[in-house]
Amino acid sequence: MKKGTVAALSALAGAIAGITGTGKICIKNTNKVQDMSDKYLELFLLMNQWVKVKQEGKSIAEYLIQNNYRTVAIYGMSYAGETLFDELKSSDIQVAYAIDQNADNICSEVKIVSSGDELPLVDAIIITPVYYFNSIREKLEAKTNADILSLEDILYEL
C-alpha cells in the first residue's frame, strides 16, 4: 500500500512540475510574441504618421533645419532608418553616419558604426526604433552631447 501511495504522489509531483515548467515556457513565449506585436504596431503607426506628414507636404528635413540641426546620425538602420536616410540624403541635412548594433552585417550608402564605437560629433541623433527609445537614449546620453531625438516625436510635431 505504501509503495502505491509513494508512486502515486511521485507521479502527481512530476505532473505538477511538468505542467508548471510548460506553463512558464508558454507564458515566456506569449510575452515574447506580445512584445514583438507591440513593436510592430508602433512601427506601423509611425509609418502611417509619416505618410500623413508627406501627404501634407511637410518633411523631416524642414523640421531639422527649423530646429538648427544640420548634421545628424541615424540610430537603427532597419525599415524606418533606411527610409529616413533616403528622405534626408536629397536634402540640406547631412547624415554623417548611422548607428546599428548589427553594423558589420549592413550594407548602406552611409557609414555605419556600432553602438559600442566612439560616436563622431553631430548636431543630433535620430532614434528610429521608437519602441526602445528610452533605453537607447540612456545609452547614447552616456556617450555623446548631441541632442537625441525620437523619429516618432519629430513626425508628430510636424
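This report concerns the structure included in the present document. (Residues numbered from 1 in each chain as written. Predicted model: local features only at pLDDT ≥ 70, side-chain atom pairs only at ≥ 80, totals over all residues. Heavy atoms only, no water.)

Here we take up the pattern of salt bridges. Where charged atoms from two side chains of opposite charge come close, those side chains can pair. By the definition in use, this model includes five salt bridges. Residue Lys58 is joined to Glu56 by a salt bridge in which the shortest nitrogen-to-oxygen separation is 3.3 Å. Note on Lys58: relative accessible area 30%, which makes it partly exposed. In this structure Glu56 comes out as exposed when scored by relative accessible area, which is 52%. Measuring nitrogen to oxygen at the nearest pair gives 2.8 Å for the salt bridge that ties Glu109 to Lys89. Residue Glu109 is found in the loop between strand E2 (94-99) and strand E3 (112-113), and its partner Lys89 is found in the loop between helix H3 (79-88) and E2; the two are separated by 20 residues along the sequence. Residue class for Lys89 comes out partly exposed when judged on its relative accessible area of 43%. (Salt bridge = Lys/Arg side-chain N within 4 Å of Asp/Glu carboxyl O. Buried < 20%, exposed > 50% of the residue type's maximum accessible area, 1.4 Å probe, protein only. Helix = DSSP H or I, 4+ residues; strand = E, 2+ residues; numbered from the N terminus.)

So, about H3. Residues Ala80, Gly81, Leu84, Phe85, Glu87 and Leu88 constitute the buried set of H3. Relative to the axis of H3, the buried residues are bounded by an arc of 160° and lie together on one face. (Arc of directions from axis to C-beta.)

All right, on to a nonpolar patch on the surface then. Together, Leu41, Phe44, Leu45 and Tyr156 make up a nonpolar patch on the protein surface, roughly 420 Å² of accessible area in all. Considering every element that reaches the nonpolar patch, the biggest residue donor is helix H1 (residues 2-55), with three residues. In this fold, Leu45 is placed in helix H1. (Patch = residues over 30% accessible without salt bridge, like charges linked within 9 Å, V, L, I, M, F, W, Y side chains within 5 Å. Areas by Shrake-Rupley, 256 points an atom, 1.4 Å probe, with all protein chains shown as cover.)

Bringing the nonpolar core into the picture now. Membership of the largest hydrophobic core comes to 28 residues, with the highest contact counts inside it found for Ile60, Leu64, Val72, Leu84, Leu88, Ile126 and Leu151. Secondary-structure elements contributing two or more residues to this core are H1, helix H2 (60-66), strand E1 (71-75), H3, E2, strand E4 (124-127) and helix H5 (151-157). In contact with Ile60, other than residues within four places in its own chain, are Trp50, Leu84, Glu87, Leu88, Leu151, Ile154, Leu155 and Leu158. The next biggest cluster of nonpolar side chains, apart from the first, holds 14 residues, and it includes Ala73, Tyr75, Leu119 and Ile136. (Core = buried A, V, L, I, M, F, W, Y, C linked by side-chain atoms within 4.5 Å. Contact = heavy atoms within 4.5 Å.)

Along the polypeptide, Thr144 turns up in the loop between helix H4 (133-141) and strand E5 (147-150). Residue classification places Thr144 among the buried residues on the basis of a relative accessible area of 12%. Looking at Thr144, its side chain comes within polar contact range of the main-chain nitrogen of Ala146, at 3.1 Å. (Polar contact = N/O pair within 3.5 Å; in protein donor to acceptor, adjacent residues only side chain to side chain.)

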